[in-house]
Amino acid sequence: MAIGIITGSGTYSLPGFEGGEPQMVDSMWGETLVTRGTLAGAEVLHISRHEEGHIRLSNHVTHRANIAALRRLGATGAIAVTVCGAVDPSVELGSLICFDDLHFLANRLPDGSLCTFHQNAGHRERGHWIYEDPYSPALRAALLAGAEDAGAAMRDGGCYGHVDGPRFNTKAEIRGLAACGVTAVSQTAGPETVLAGEAELPFALMGYATDYANGVKPEPTPVERLVELIAASTDTFARVLVATVPKVEESALAPAGMVYRFHQG
């Protein structure tokens, strides 16, 4: 069993991860650097979505190539982490959220194309992803148990809101997301969620609140505080992942929903 781990801003290398040099994995969607190794004794495939030095902003992340690489290398599930801006004012900065819902109305990749693997008419794997909940219950359960063991405060459930970057959102935009029940926002995990669903790869998403989105509090979060919390997220994510990965039960993993395919005879 190999679990994919996708890390984001501030977590370019994963503390506690023992692996070799990143290897380039090619697919029809492009190339992805993947590092194979172990975390807490479990086999892990690590992808840094922004890469060392944050060379990729959110609009440069190659989502299809990343998910395709995990599938090609035999990942049985994937956990992604993201620093995020709190839309719900009750979220405490520096706390974690184990998301259970998604707000991603645009359903677009950074280049403006639709967020899907199914681009070609007649392709054998084309289909509709049909689901009640977009995130894997088994991976969510492991994350919640891992956070408890690591002594990290984690909210059980919340709606992840995907927003286009690289700019942050206006107060008016955040009010609209709040009205839709969004808990926290960031700029990368919407496509990952959808593409993992289409790839039938069990997927879970963990967020770390680094700031309050515009207009959520009377005073904005100072940029210095945002930067401080992004740095602090690395250790928190690592501690929770170290406690989580050994708890993942391969036999309990299953894709979220189903992909209704139109196979040719």
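Please refer to the structure higher up on the page.
About the cut-offs
- Residues numbered from 1 in each chain as written.
- Predicted model: local features only at pLDDT ≥ 70, side-chain atom pairs only at ≥ 80, totals over all residues.
- Heavy atoms only, no water.
- Helix = DSSP H or I, 4+ residues; strand = E, 2+ residues; numbered from the N terminus.
- Buried < 20%, exposed > 50% of the residue type's maximum accessible area, 1.4 Å probe, protein only.
- Salt bridge = Lys/Arg side-chain N within 4 Å of Asp/Glu carboxyl O.
- Pairing = 2+ DSSP bridges.
- Right-handed = clockwise from strand over helix to strand, strands pointing away.
- Axes fitted to C-alpha atoms, helices over the stretch in contact; angles between N-to-C directions.
- Parallel < 35°, antiparallel > 145°, perpendicular 65-115°, else oblique.
- Left-handed = near helix turned anticlockwise from the far one by under 90°.
- Contact = heavy atoms within 4.5 Å.
- Nonpolar A, V, L, I, M, F, W, Y, C, P; charged D, E, K, R; others polar.

(A) Structural context of unusual backbone geometry. In the segment running from Gly-165 into Pro-166, the intervening peptide bond is cis, with an omega of 5 degrees. Not every positive phi belongs to a glycine, and His-54 is a case in point at roughly 55 degrees. Within the element layout of this structure, His-54 appears in the loop between strand 5 (42-48) and helix 1 (63-72). Residue classification places His-54 among the partly exposed positions, given a relative accessible area of 23%.

(B) The pattern of salt bridges, seen in detail. Evaluated as defined, the whole model comprises 11 salt bridges. For the salt bridge of Asp-88 with Arg-155, the shortest nitrogen-to-oxygen distance reads 3.0 Å. Placement of Asp-88 in the loop between strand 6 (77-86) and strand 7 (96-98) and of Arg-155 in strand 10 (residues 154-156) is noted, with a sequence separation of 67 residues between them. For Arg-155, a relative accessible area of 28% puts it in the partly exposed group. Of the charged contacts, one joins Asp-235 and Arg-239 as a salt bridge, the two residues approaching to 3.1 Å between their closest N and O atoms. With a gap of four residues between them, Asp-235 and Arg-239 both fall in helix 5 (residues 223-244), about one helical turn apart. With a relative accessible area of 44%, Asp-235 lands in the partly exposed category. Judged by its relative accessible area of 33%, Arg-239 falls in the partly exposed class.

(C) Seen up close, the pairing of strand 11 (residues 159-162). Burial along strand 11 is two-sided: Cys-159 and Gly-161 facing one way and Tyr-160 and His-162 facing the other are all buried. In terms of strand pairing, strand 8 (residues 101-103) meets strand 11 through three bridges, oriented parallel. Across the sheet, residue Asp-101 finds its bridge partner in strand 11, namely Cys-159. Bridge count for strand 11 against strand 12 (residues 184-186) is three bridges, and the pairing is parallel. Counterpart to His-162 in the pairing with strand 12 is Ser-186. Remark: the strand 11/helix 3 (residues 171-179)/strand 12 crossover connection has right-handed handedness.

(D) Quick peek at the packing of helix 1 against helix 4 (residues 189-198). Between helix 1 and helix 4, the least distance of the axes is 9 Å, while the angle of their chain directions is 40 degrees. Compared by their axis directions, helix 1 and helix 4 come out oblique. For the pair helix 1 and helix 4, the crossing hand works out as right-handed. The residues of helix 4 that touch helix 1, namely those facing His-63, Arg-64 and Ile-67, are Pro-191, Glu-192, Leu-195 and Ala-196. Of the residues in the contact of helix 1 with helix 4, the class split is four nonpolar, one polar and two charged.

(E) Up close: the environment of Thr-236. Residue placement: Thr-236 occurs in helix 5. Sequence separation between Thr-236 and Glu-21 is 215 residues, and the spatial gap between their C-alpha atoms is 24 Å. In this structure Thr-236 touches Leu-96, Ala-152 and Tyr-208, once residues within four positions along its chain are discounted.

(F) Expanded view of the packing of helix 2 (residues 137-150) against helix 5. At a closest axis distance of 8 Å, the pairing of helix 2 and helix 5 adopts a crossing angle of 115 degrees. The two elements helix 2 and helix 5 cross, and the hand of that crossing is right-handed. For the pair formed by helix 2 and helix 5, the contact residues are Ala-142, Leu-143, Gly-146, Ala-147, Asp-149 and Ala-150 on the first element and Arg-239, Val-240, Ala-243 and Thr-244 on the second. Taken together, the residues of the contact of helix 2 with helix 5 break down into six nonpolar, two polar and two charged.

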